[in-house]
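This is what each chain is made of:
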Amino acid sequence: MKRMKLVRSAAGLSAALVLLVTSIVGCSNKPAVNEPTTAAETTTEAPSEEGGTFEGTAQGFGGDVTAKVTVSGKEITALEFVAEGETPAIGGAALEAIQKEVLKKQTTEVDVIAGATVTSKAAVEAINAALVLAGIDPSSLVAVAGTDSLEEIKTEADIVVIGGGGAGMTAAITAKQAGLDVVILEKTGMIGGNTTKATGGMNAAETHFQKEQGIEDTVALFIEDTMTGGKNINNIELVTTMAENSADAIEWLESIGAPLPKVSFSGGASVARIHAPEDGSGVGNYLVAVFDETLKELEIPVYLNTKATEIIMKDGAATGVKVTRADGEHTINAKAVILATGGFGANEEMYTKYREELKGFVTTNTPGATGDGIVMAEAIGANLVDIEQIQIHPTVEQTTSIMVTEGVRGDGAILVNQGGKRFVNEMETRDVVSANVIAQEGGYAYIIFDHQLRENLKATESYVKAGIVEEGETIEALAEKINIDPSVLSETLGIWNEAVTAKTDGEFDRKTGMEHDLTTGPYYAIKIAPGVHHTMGGVEINTSGEVISAEGNVIQGLFAAGEVTGGIHGANRIGGNAVADIVVFGHIAGKSAADSVK
Ligand code: ADP
């Protein structure tokens, strides 16, 4: 696992002081003061012997993170965060982890949570700012002795699940519900993996939600759409299993408190089939939060910062896992092992091994997606399928790796190159749009949208907050900001808006995402280029989630589910099928592993 120590430098501290100027809202040993105090005043304040509650604020991933720190002398007795812009599963989990660490260690020198670096750093900066206000120099706080010790790890379990993403958590919950003793190993500091990045929803056919909403769909059509999307190289048996079990998977999610009632259209599906949470929140964060609750209710141990390094084999069967963590190496013996380590979209060395031309591409993946499970499984003789099938997403902001959702184009945005011209039907499939972006000079493009689109699509606010959006009151002003000839961009928008009115795109034959023209200022641009998004290939499994060897035999005791496996998505995964895959096959792997142990 890759973790970074926060460095408390003098510069960091002065940054914290600067923050105080705008962020102090009060301290409770005096009545709360609502007007800002100056930095000079706060630095001269003496340590508060009797204590109080102090607030500090710093810029997080999706907005401000405010820390409310209660101190008594130099002791931090309570800590709370207010961070409305953070997602519960990523930012919220990171804040919870940092809160625990700071209270336990009594210092702000804590590790940044992988996958939530910005939020973690903001949390620490906000606490430091509050401490300075309390008259405490954060760098003078020393960790309480012995607080670095880790929770003792179990050395025996019925089933060990490697990976705490959607597939691993589904498998663990299923196996535990079947009455078995299960543990989860997660190499990063938080659960969720790439699952937290899933925004759309889960594809499922013949569900009661569809029936209630009068949507006619069939398992056969789901299979056909998935095969077409995957260019027909998918393993049709696995696809059939996914489609046939999808409606039950939706009901299983409901049974644990995660209904997905909102059904809509999504790319590659011939009917409304993608199921999403009622309130429009991203499906990944929503599911991870419910899985997390369920793990706690069922008392399934989750060992964070614990990396599996090897699958232990005895007489041809998997009998445990070797792990490494801060306190050294351990062995966990088990009757079955479930691999749910996700894909390898965050491992450039690995994806360029299979696809050299992806060198230098950024990734949309979380840091844990390094393909460990594929390497571990291959080492004990597992077969790999479709390993070179890697999906790139066409619209990724390159300095932050933020993926600009297809919804922006779907709602009417266009792509232009540095010359200010459109170059593709923006609604083409991911591979076609990506190839066309790469073909432009510099290999990048700009997504252009207007204020009406921003108002209609919630997702755009997070891009604005992340600081990746250029803005201009007029098209010409926007063009100046991004160094495009204003007259050319203005002409391009003019032609496009006429096409929208006429419902005919004479240039690139775009047919969808043409409900709104781009005529309401201010205008916006995000510079994008393709990024690695999903690795379709991986470990071969059968329809029971058992891992298959290079010789074509079942490897006893070893199961796999989710992005670590290959075959389901073929050459191209369609939106909504990643979640269908992790829930259906996570469930199957958990059940099969439980059956094998019983
Ligand atoms: P899926 O969608 O298939 O569930 P995710 O990417 O959501 O995949 O989750 C996979 C999880 O596995 C991530 O949280 C990742 O950090 C974790 N992981 C990857 N390699 C290891 C490893 N060697 N040991 C423990 N956990 C791992």
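Residues numbered from 1 in each chain as written. Predicted model: local features only at pLDDT ≥ 70, side-chain atom pairs only at ≥ 80, totals over all residues. Heavy atoms only, no water.

Student: Could you give an account of the environment of Ile 113, naming the residues involved and the relevant values?
Tutor: One can find Ile 113 in the loop between α3 (88-105) and α4 (117-133). Given the relative accessible area of 5%, Ile 113 is considered buried. Considered as a pair, Ile 113 and Ala 477 are 364 residues apart in the sequence and their alpha carbons are 39 Å apart. (Helix = DSSP H or I, 4+ residues; strand = E, 2+ residues; numbered from the N terminus. Buried < 20%, exposed > 50% of the residue type's maximum accessible area, 1.4 Å probe, protein only.)

Student: Provide a residue-level description of the nonpolar core, including the pertinent values.
Tutor: In terms of nonpolar packing, the biggest core is built from 97 residues, with Ile 159, Leu 185, Met 202, Leu 253, Val 539 and Phe 585 touching the most fellow members. At 11 residues, helix α18 (residues 577-597) tops the list of elements feeding residues into this core. If sequence neighbours within four positions are ignored, Ile 159 has contacts with Ala 175, Leu 180, Asp 181, Val 182, Val 183, Ala 334, Ala 336, Ile 338, Ala 593, Ala 594 and Val 597. Grouped together as the second largest cluster of nonpolar side chains are 30 residues, Phe 81, Ala 83, Ile 98 and Ile 127 included. (Core = buried A, V, L, I, M, F, W, Y, C linked by side-chain atoms within 4.5 Å. Contact = heavy atoms within 4.5 Å.)

Student: Give a description of unusual backbone geometry that names residues and reports values.
Tutor: Between Gly 521 and the following residue, Pro 522, the backbone shows a cis peptide bond with an omega angle of -5 degrees. Relative to the assigned elements, Pro 522 resides in the loop between α17 (486-502) and β19 (523-535). The phi torsion at Glu 206 lies on the positive side, around 60 degrees, for a residue other than glycine. Looking at the element boundaries, Glu 206 is found in the loop between β6 (202-203) and α6 (208-212).

Student: Would you mind going over the packing of aromatic side chains in detail, with residue names and values included?
Tutor: This structure, assessed with the given rule, holds 3 aromatic pairs. Where Tyr 444 meets Tyr 446, the ring centres are 6.0 Å apart and the plane angle is 90 degrees; that geometry is what we call edge-to-face. For Tyr 446, a relative accessible area of 6% puts it in the buried group. In this structure, Lys 527 packs its charged tip against the face of Tyr 444, placed 4.2 Å from the ring centre. (Phe/Tyr/Trp six-rings, centres within 6.5 Å; stacked < 30°, edge-to-face > 60°. Lys NZ or Arg CZ within 6 Å of the ring centre and 35° of its normal.)

Student: Can you explain the site of the ligand? Please cite residues and give values.
Tutor: Ala 167, Glu 186, Thr 195, Asp 372 and Glu 563 are the nearest of the 26 residues found near the ligand. Take Ala 308: an N or O atom from its main chain is 3.0 Å from a nitrogen atom of the ligand. When the free accessible area of the ligand is taken as 580 Å², the share hidden by the protein chains comes to 98%. Of all the secondary structure elements, the ones that give two or more residues to the shell around the ligand are α5 (166-177), β10 (307-314) and α11 (372-379). Class assignment for the residues of the shell around the ligand results in 7 nonpolar, 14 polar and 5 charged. (Near = heavy atom within 4 Å. Polar contact = N/O pair within 3.5 Å; in protein donor to acceptor, adjacent residues only side chain to side chain. Areas by Shrake-Rupley, 256 points an atom, 1.4 Å probe, with all protein chains shown as cover. Nonpolar A, V, L, I, M, F, W, Y, C, P; charged D, E, K, R; others polar.)

Student: Explain the pairing of strand β1 (residues 52-59) to me, and be specific about the residues and the numbers.
Tutor: Most of β1 is tucked away, with 6 of its 8 residues classed as buried. Two strands pair when backbone bridges link them, and β1 and strand β2 (residues 64-72) are joined in this way by 8 bridges, in the antiparallel orientation. Looking at the pairing, Thr 57 lines up with Thr 66 of β2. Once β1 ends, the chain turns through 4 residues before running back antiparallel as β2, passing Gly 63 with a positive phi of about 150 degrees. (Pairing = 2+ DSSP bridges.)

Student: An account of the pairing of strand β12 (residues 328-339) is needed here, citing residue identities and associated values.
Tutor: Relative to β12, strand β4 (residues 156-162) runs parallel, the two being bridged by 6 bridges. From the neighbouring strand, Ile 159 faces β12, where its bridge partner is Ala 336. Inspection of the sheet shows strand β11 (residues 317-325) paired to β12 by 6 bridges, in the antiparallel sense. Its bridge partner being in β12, Arg 325 is matched across the sheet by Gly 328. Where β11 folds back onto β12 in an antiparallel hairpin, the turn is made up of 2 residues. Where β12 meets strand β22 (residues 554-560), 3 bridges bridge the pair, whose relative direction is parallel. Within β22, the position partnered with Val 337 by the bridge is Leu 558.

Student: For the packing of α5 against helix α9 (residues 283-297), give the residues involved together with the corresponding values.
Tutor: In contact at an axis separation of 10 Å, α5 and α9 are set at 35 degrees when each is read in the N-to-C sense. By crossing handedness, the relation of α5 to α9 is classed as left-handed. For the pair α5 and α9, the contacting residues are Gly 166, Met 169, Thr 170 and Ile 173 in the first and Val 288, Phe 291, Thr 294 and Leu 295 in the second. Taken together, the residues of the contact of α5 with α9 sort by class into 5 nonpolar, 3 polar and no charged. (Axes fitted to C-alpha atoms, helices over the stretch in contact; angles between N-to-C directions. Left-handed = near helix turned anticlockwise from the far one by under 90°.)

Student: Could you give an account of the sheet that holds strand β8 (residues 274-276), with specific residues and numbers?
Tutor: Pairing is antiparallel in the open sheet, where 3 strands are placed in the order β6-β8-β7. Because the sheet does not close on itself, it has two edges, and the strands there are β6 and β7 (262-264). Here β6 pairs with β8 via 2 bridges, running antiparallel. If you follow Asn 203 over to β8, its bridge partner there is Ile 274.

Student: Give a detailed account of the sheet that holds β1, specifying residues and quantitative values.
Tutor: Pairing in this open sheet of 3 strands is antiparallel, and the strands run β1-β2-β3 from one edge to the other. Of all the strands in the sheet, the pair left with one neighbour each is β1 and β3 (75-82). Going from strand to strand, the sheet's axes swing by 25 degrees on average, the running direction of each strand aside. In terms of strand pairing, β2 meets β3 through 7 bridges, oriented antiparallel. Within the sheet, the bridge partner assigned to Thr 70 lies in β3 and is Ala 78. Where α3 meets the sheet, its contacts fall on β2 and β3, and the angle it forms with β3 comes to roughly 170 degrees.

Student: Account for the pattern of salt bridges, with residues named and values stated.
Tutor: Side-chain pairing between opposite charges can occur once the charged atoms of the two side chains come close. A complete count under the given rule lists 23 salt bridges for this structure. Its salt-bridge partner being Glu 101, residue Lys 105 comes within 3.0 Å of it at the nearest N-O pair. A residue pair is termed a helical-turn pair when its members lie 3 or 4 positions apart in one helix, as Lys 105 and Glu 101 do in helix α3 at 4 residues. For Asp 181, the salt bridge goes to Lys 154, with nearest N and O atoms at 2.9 Å. Of the two residues, Asp 181 is situated in the loop between α5 and β5 (182-185) and Lys 154 in the loop between α4 and β4; the sequence distance between them amounts to 27 residues. For Lys 154, a relative accessible area of 29% puts it in the partly exposed group. One continuous salt-bridge network, built from bridges that share partners, spans Arg 422, Glu 426, Asp 505, Glu 507 and Arg 510. (Salt bridge = Lys/Arg side-chain N within 4 Å of Asp/Glu carboxyl O.)

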